[in-house]
Amino acid sequence: MVKLPLVRDFAYDYGRVEQVSNLIRRVIANNPSPFTFAGTGTYIVGRNNVAIIDPGPADQLHIDAILQILEGETITHVFVTHTHADHSPGCALLNHQRRVTTYGFGAHQRFQDEDELIVEEPADFEFVPDVRAKHEEVIAGEDWTMRCLHTPGHTSNHMCYLLEEEKALFTGDHVMGWSTSVISPPDGDMSDYMDSLQLLLDLDVDVYWPTHGPPIHQPNAHVKAFIDHRLEREQQVLRCVSEGIHTIDQMVPIIYESTKQILYPAAARSLYATIIHLIRNHKLTFSNELYEGSKFFLA
């Protein structure tokens, strides 16, 4: 079994600024959950004329803490990794008190019956970036340079941001140190996610700063372990089907035997994403129409 190099040691105080590197400060929002760990980590990059990454949830106390920290400084850019409710809604609260310019890949896609598929933080359909950042676009501030990287998988509009001066990558929920990411179709896509993990291996990066939890100081080893973990999940699914276990609700307790049952719905969505990926690769097929409750068979 693949051993994931997860790190959960994380010291923090809500609302307090921490200087985590020469150019980076971090403030943690008080929104802990099974999907946010300790809470949303909002990053402040630079001095005087600064960028913010992921303002976080619609939490006025968190936004007030950020603005108090930045008293006398100007927010020139607000970067959003993706449109879940723990990442982007803080932009609107910021805008009420200071006019800010937001950057992101785009709005959250709408799908029929998506509200019935919520297994983690819900989508923020209200957020639309002022500037739609493009893959590999470089955006410069006063003392920082950010390269935008489209990394779909967790969501279709997920972006990572590479701070070139420090070889530091803000990974949002794409790669975290404390946990793997939920991949929930239809907006979540395992094929895209695997490609986006591979993309990170081609970067010259020293450290990852996820939006939740501690930094990742051996990024390539971490990503390779995540890829191996997902490949192992594929083999577990294929083994289940070969042994006559044809439905996701039967597979989840077997494949996720060490996972708390409260997380089974999220596990089922990620398993469904894995199965769709296997169908695309002609390793599985399905009965009748394709949905989470289908029966799956070896192709």
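The text that follows walks through the structure, step by step, so that each part is easy to find.

Cut-offs applied
Residues numbered from 1 in each chain as written. Predicted model: local features only at pLDDT ≥ 70, side-chain atom pairs only at ≥ 80, totals over all residues. Heavy atoms only, no water. Helix = DSSP H or I, 4+ residues; strand = E, 2+ residues; numbered from the N terminus. Rg over C-alpha atoms; globule rule 2.2 N^0.38 Å. Buried < 20%, exposed > 50% of the residue type's maximum accessible area, 1.4 Å probe, protein only. Contact = heavy atoms within 4.5 Å. Areas by Shrake-Rupley, 256 points an atom, 1.4 Å probe, with all protein chains shown as cover. Lys, Arg positive; Asp, Glu negative; His and termini not counted. Charge placed at Lys NZ, Arg CZ, Asp CG, Glu CD. Polar contact = N/O pair within 3.5 Å; in protein donor to acceptor, adjacent residues only side chain to side chain. Phe/Tyr/Trp six-rings, centres within 6.5 Å; stacked < 30°, edge-to-face > 60°. Lys NZ or Arg CZ within 6 Å of the ring centre and 35° of its normal. Pairing = 2+ DSSP bridges. Axes fitted to C-alpha atoms, helices over the stretch in contact; angles between N-to-C directions.

When its secondary structure is counted, the chain shows 6 helices and 14 strands. Radius of gyration (C-alpha) of the chain: 19 Å, near the 19 Å computed for a compact globule of 299 residues. In terms of its C-alpha atoms, the chain occupies a principal-axis envelope of roughly 65 × 35 × 35 Å. Among the 299 residues that make up the chain, the fraction classed as buried is 57%. In the chain, of all internal contacts separated by at least 6 residues, the share reaching a separation of at least 24 is 62%. For the chain, the exposed surface amounts to about 13100 Å²; the carbon and sulfur share of it is 49%. Counting 22 positive and 41 negative side-chain charges, the chain places the centres of these two groups 3 Å from one another.

The next point concerns helix H3 (residues 190-200). Turning to H3, its buried residues are Met190, Ser191, Tyr193, Met194, Ser196, Leu197 and Leu200. Its buried side turned inward, H3 meets strand E11 (168-172), strand E12 (207-210), helix H4 (219-242) and helix H6 (264-280). The backbone nitrogen of Ser191 lies 3.0 Å from a side-chain oxygen of the residue at the head of H3, namely Asp189.

Now for unusual backbone geometry. The peptide bond linking Pro185 to Pro186 adopts the cis configuration, its omega dihedral lying at 10°. As for its placement among the helices and strands, Pro186 is situated in the loop between E11 and H3. In this structure, Asp54 takes a positive phi of about 55° despite not being glycine. Here Asp54 lies in the loop between strand E4 (49-53) and helix H1 (60-69). The backbone of Glu136 shows a phi angle near 75°, a positive value even though the residue is not glycine.

To continue, consider the packing of aromatic side chains. In this structure the tally under the stated criterion is 9 aromatic pairs. Through successive ring pairs, a cluster of aromatic residues spans Phe10, Tyr12, Tyr14, Phe37 and Trp178. Directly above the aromatic system of Phe125 lies the positively charged group of Arg110, at a separation of 4.1 Å from the ring centroid. For the cation-ring pair, Arg233 lies above Tyr256, with the distance from its terminal atom to the ring centre recorded as 4.3 Å.

The next subject is the sheet that holds strand E5 (residues 74-79). Sheet strands associate in pairs through backbone hydrogen bonding, adopting either a parallel or an antiparallel arrangement. Strand order in the open sheet formed by 7 strands is E1-E2-E3-E4-E5-E6-E7, with mixed pairing between adjacent strands. Edge positions in the sheet fall to strand E1 (18-19) and strand E7 (131-132), since each of these pairs with one other strand and no more. Pairing of strand E2 (residues 24-28) with strand E3 (residues 41-45) involves 5 bridges; the strand directions are antiparallel. What sits directly across from Val27, in E3, is Thr42. Where H1 meets the sheet, its contacts fall on E2, E3, E4 and E5, and the angle it forms with E2 comes to roughly 150°.

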